[in-house]
Amino acid sequence: MAAAKGLLTVDLAPFFIGDGDEVTRAARASAIETIVEACRTYGFFRVVNHGVPGELVSRSLELPAAFFALPDEEKAKVVADPDGATPIPAGYFRLPSHSPENAEYLLIYQPHLGHNLYPANPHKFREALDECHKKLAKLGILVQEILAEGMGLPPGFFQEYTDSDSSFHFLAALHYFPATEEGGTVGLSKHEDGRALTFLLQDNVGGLEVLKDGEWVPAEPIDGTIIVNIGDLIQVLTNKKLKSATHRVVRKPGMHRHSLVYFLSIDADKWIEPLPEFTDKVSEPLSYRGFRHKEYAELRNRNKFHPPATPKEFYNINYYAI
Ligand SMILES: O=C(O)CCC(=O)C(=O)O
Ligand SMILES: [Fe+2]
């Protein structure tokens, strides 16, 4: 474990060793403690030895970058029907020109659900991204187990919420255009992630920043690491014990940036409210009223797909705050 530019780095190697001896168990306990502490304070941390091979990470960033460099008519071939079966359409999307954010992305849901549109070019795009999905899903399970143990919840607790085909976990391959004088530097405006957990792979350009005690802390690229953060749904379940931190992406002049983000979500029909373990059982007041996950997901979609949203129309988790 080491502090690098604000975000803690946690070594997950001890979790990949079979039963493990006393030393391994102690290393696991220490990693769990560090992760929970990072989630209580920052809401963000990094992991190394996470089980996603470095060469797969490289391919999974390079292939989308090659796709985004294709002419618009090629990219248009993977634009999905907006009324499809998923909460956000799979496939390619370019943010509208009046949006302050200057990025394009391609969404990929869990491969077995059959929702995806894959570009035929570059070759082997699908193979790499589907493999990445699987590896990140495994890492997702591990992080859920770490958080359950660290928060005093039973094993498998979070998977009761997340392990369903109606959770719509997805990968977003993102391309941010270089900053320009007229277009400014906003890549993604400040926001909190609306799902359960987020896992981020990025190229070496940088630009992701996390708000901590009123200051923007850079979450810079470090080879071999994956950045993990808590989303709103875990913040609500834990009654704000774990933090869904505000973050943003700042674009740099002359630099195209690529990232790959895995959003681990929760079954659309699940009822989300602070758990008794963090409220009644410890005599703490509820920070949020309960809601159905799909209702919140729909509110969040309005922010994205019906811009321009005035600040008043912008929905985030405070909508349910008590
Ligand atoms: O591209 C990044 O570094 C972060 C993306 C992000 O915050 C998001 O998609 O919610
Ligand atoms: Fe985000």
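None of the values given here were measured: they were computed from a predicted structure. (Residues numbered from 1 in each chain as written. Chains lettered and ligands numbered in written order. Predicted model: local features only at pLDDT ≥ 70, side-chain atom pairs only at ≥ 80, totals over all residues.)

1. Some thoughts on the overall build of the protein chain
- The helix and strand inventory of the protein chain stands at 7 helices and 15 strands.
- At 19 Å, the protein chain has a C-alpha radius of gyration in line with the 20 Å of a compact globule built from 322 residues.
- Summarising its shape, the C-alpha atoms of the protein chain cover approximately 55 × 45 × 40 Å along the three principal directions.
- Here the protein chain holds 322 residues, and 38% of them are scored as buried.
- By sequence separation, contacts in the protein chain at least 24 residues apart represent 75% of the contacts at least 6 residues apart. (Helix = DSSP H or I, 4+ residues; strand = E, 2+ residues; numbered from the N terminus. Rg over C-alpha atoms; globule rule 2.2 N^0.38 Å. Buried ≥ 20, exposed ≤ 12 C-beta atoms within 10 Å, placed from the backbone. Contact = placed C-beta atoms within 7 Å.)

2. A few points about the site of ligand 1
- Around ligand 1, a shell composed of A172, L174, L188, D193, L200, Q202, L208, H247, V249, S259 and V261 is seen.
- Taken together, the residues of the shell around ligand 1 break down into 7 nonpolar, 3 polar and 1 charged. (Near = placed C-beta within 6 Å. Nonpolar A, V, L, I, M, F, W, Y, C, P; charged D, E, K, R; others polar.)

3. Focus on helix 2 (residues 54-68)
- Its 15 residues place the ends of helix 2 22 Å apart at the C-alpha level, agreeing with the 21 Å of an ideal helix rising 1.5 Å per residue.
- Restricting attention to buried positions, one finds in helix 2 the residues V57, S60, L63, P64, F67 and F68. Here the buried residues of helix 2 occupy an arc of 140° about the axis, which is enough to place them on one side. Exposed side of helix 2, more than 90 degrees from the buried face: G54 and E55 are the residues found there.
- Those residues of helix 2 that are buried are in contact with strand 5 (103-109), helix 4 (125-150), strand 6 (170-176), strand 8 (197-202) and strand 13 (257-264). (Expected span 1.5 Å × (residues − 1). Arc of directions from axis to C-beta.)

4. What to know about the sheet that holds strand 12 (residues 247-250)
- With respect to topology, 4 strands assemble into an open sheet ordered 7-12-9-10, the strand pairing being antiparallel. Each of the sheet's edge strands pairs with one partner strand only, and the pair in question is strand 7 (186-191) and strand 10 (215-218). Strand-to-strand, the axes of this sheet are offset by a mean angle of 30°, without reference to chain direction.
- As paired strands, strand 9 (residues 208-212) and strand 12 are joined by 3 bridges and run antiparallel to one another. The partner of V210 across the bridge, within strand 12, is H247. (Pairing = 2+ DSSP bridges. Axes fitted to C-alpha atoms, helices over the stretch in contact; angles between N-to-C directions.)

5. Concerning the packing of helix 1 (residues 22-41) against helix 4
- Packing of helix 1 against helix 4 leaves a shortest axis separation of 9 Å and a crossing angle of 85°. When the interaxial angle is binned, helix 1 and helix 4 end up roughly perpendicular. Counted together, I32, E33, I35 and V36 of helix 1 and I146, E149 and G150 of helix 4 form the full contact between these two elements.
- Each residue belonging to the contact of helix 1 with helix 4 can be placed in one class, and the counts come to 4 nonpolar, 1 polar and 2 charged. (Parallel < 35°, antiparallel > 145°, perpendicular 65-115°, else oblique.)

6. Things to note about the pairing of strand 11 (residues 226-230)
- The buried fraction of strand 11 amounts to 5 of the 5 residues, a majority that puts the element mostly inside the structure.
- Burial along strand 11 is two-sided: the face carrying I226, V228 and I230 and the face carrying I227 and N229 are both buried.
- The pairing of strand 3 (residues 44-48) with strand 11 spans 4 bridges and is antiparallel. Bridging across to strand 11, R46 finds its partner in I227.
- The pairing of strand 8 with strand 11 spans 4 bridges and is antiparallel. Directly across from F199, in strand 11, lies its bridge partner V228.

7. Some details on the confidence of the model for the protein chain
- Looking at the protein chain as a whole, its pLDDT mean stands at 93, while 94% of the residues score no less than 70.
- In the model output, the complex is listed with pTM 0.95 alongside ipTM 0.99. (pLDDT = per-residue confidence, 0-100.)

8. Regarding the environment of P253
- Along the chain, P253 falls in the loop between strand 12 and strand 13.
- The sequence separation of P253 and G140 amounts to 113 residues, and the corresponding C-alpha distance is 34 Å.
- P253 has contacts with P178 and A179, leaving out every residue within four places of it along the chain.

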